Amino acid sequence: MSHLKSVAVMLPLFTLTMLFAPGCSDGPSTDEQVDVVYRCSETGEYVSAPPQPVPAVNPDTGRATLQRALYCSRCQHWYVVPPPNVHNGPVAGYLCPKHKLAMQEQGPLPE
C-alpha cells in the first residue's frame, strides 16, 4: 500500500512540473529567430543577420557574399567557418584555430 501512496503523491507533482517547467527557460523560445554572424567576402565587415544558407545574402548589398563566422572568447576574434557541405557536424563543433577551444555563435561585433 505504501507504493500506491507514493505514486499518488508523486503523480500530481510530476504533472505540475511538466505543465510549468517549459515556461521557466531563460533562453530564446523556439519561435524566436536568433540572428547569426557572417563575414562579407567583399567588404570584410561582420554582419548580424537571420540564419540562411551560405553564401548568405548581404542585406546591405543584396549579393550572396556572406560566410558564417564564430567567435573565440579567449582571443576575442571572429573566424569564418567552412560551409555545411565541407563540415557536416553542428556549428558548435568548430574549434578556434589558435586556442583549440569551442567557439561561440554570439559575441561582440567588431567596430
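Please read these numbers as outputs of a predicted model, since none were measured by experiment.

1. Re the environment of Val57
Thinking step 1. Position of Val57 relative to the elements: it lies in strand 3 (residues 56-57).
Thinking step 2. The sequence separation of Val57 and Cys40 amounts to 17 residues, and the corresponding C-alpha distance is 9.3 Å.
Thinking step 3. Beyond its immediate chain neighbours, meaning those up to four positions away, Val57 contacts Gln52, Gly62, Arg63, Ala64 and Leu66.

2. Looking at the pairing of strand 1 (residues 36-40)
As a general feature of sheets, a regular strand has side chains that alternate between the two faces.
Thinking step 1. In terms of burial, strand 1 is largely enclosed, as 4 of its 5 residues are buried.
Thinking step 2. Between strand 1 and strand 2 (residues 46-49), which follow one another and run antiparallel, lie 5 residues, and Gly44 among them has a positive phi close to 80°.
Thinking step 3. For strand 1 and strand 4 (residues 64-72), the ladder comprises 3 bridges, and the chain directions are antiparallel. Bridge pairing in strand 4 links Cys40 to Leu66.

3. Side note on the pattern of salt bridges
Thinking step 1. For the structure shown, the criterion picks out 2 salt bridges.
Thinking step 2. Glu42 is paired through a salt bridge with Arg63; the nearest N and O atoms lie 2.7 Å apart. Highlighted residues: Glu42 in the loop between strand 1 and strand 2 and Arg63 in the loop between strand 3 and strand 4, separated in sequence by 21 residues.
Thinking step 3. Among the residues examined, Arg63 registers a relative accessible area of 42% and is labelled partly exposed.
Thinking step 4. The salt bridge partner of Arg68 is Glu105, with a shortest N-O separation of 2.6 Å.

4. Some details on the side chain of Thr65
Thinking step 1. Of note, Thr65 is situated in strand 4.
Thinking step 2. With a relative accessible area of 9%, Thr65 lands in the buried category.
Thinking step 3. Excluding residues that lie within four positions of it along the chain, Thr65 makes contacts with Arg39, Cys40, Ser41, Glu42, Pro55, Ala56 and Asn58.

5. Things to note about the pairing of strand 4
Thinking step 1. Most of strand 4 sits inside the fold, with 7 of its 9 residues counted as buried.
Thinking step 2. Linking strand 3 to strand 4, which pair antiparallel, is a turn of 6 residues; within it Gly62 sits at a positive phi near 80°.
Thinking step 3. In this structure, strand 4 lies alongside strand 5 (residues 77-80), joined through 4 bridges in antiparallel fashion. Bridging from a neighbouring strand, Leu70 pairs with Tyr79 of strand 5.
Thinking step 4. The hairpin formed by strand 4 and strand 5 contains 4 residues between the paired strands, and Gln76 there has a positive phi angle of roughly 50°.

What counts, and at which threshold
- Residues numbered from 1 in each chain as written.
- Predicted model: local features only at pLDDT ≥ 70, side-chain atom pairs only at ≥ 80, totals over all residues.
- Heavy atoms only, no water.
- Helix = DSSP H or I, 4+ residues; strand = E, 2+ residues; numbered from the N terminus.
- Contact = heavy atoms within 4.5 Å.
- Buried < 20%, exposed > 50% of the residue type's maximum accessible area, 1.4 Å probe, protein only.
- Pairing = 2+ DSSP bridges.
- Salt bridge = Lys/Arg side-chain N within 4 Å of Asp/Glu carboxyl O.

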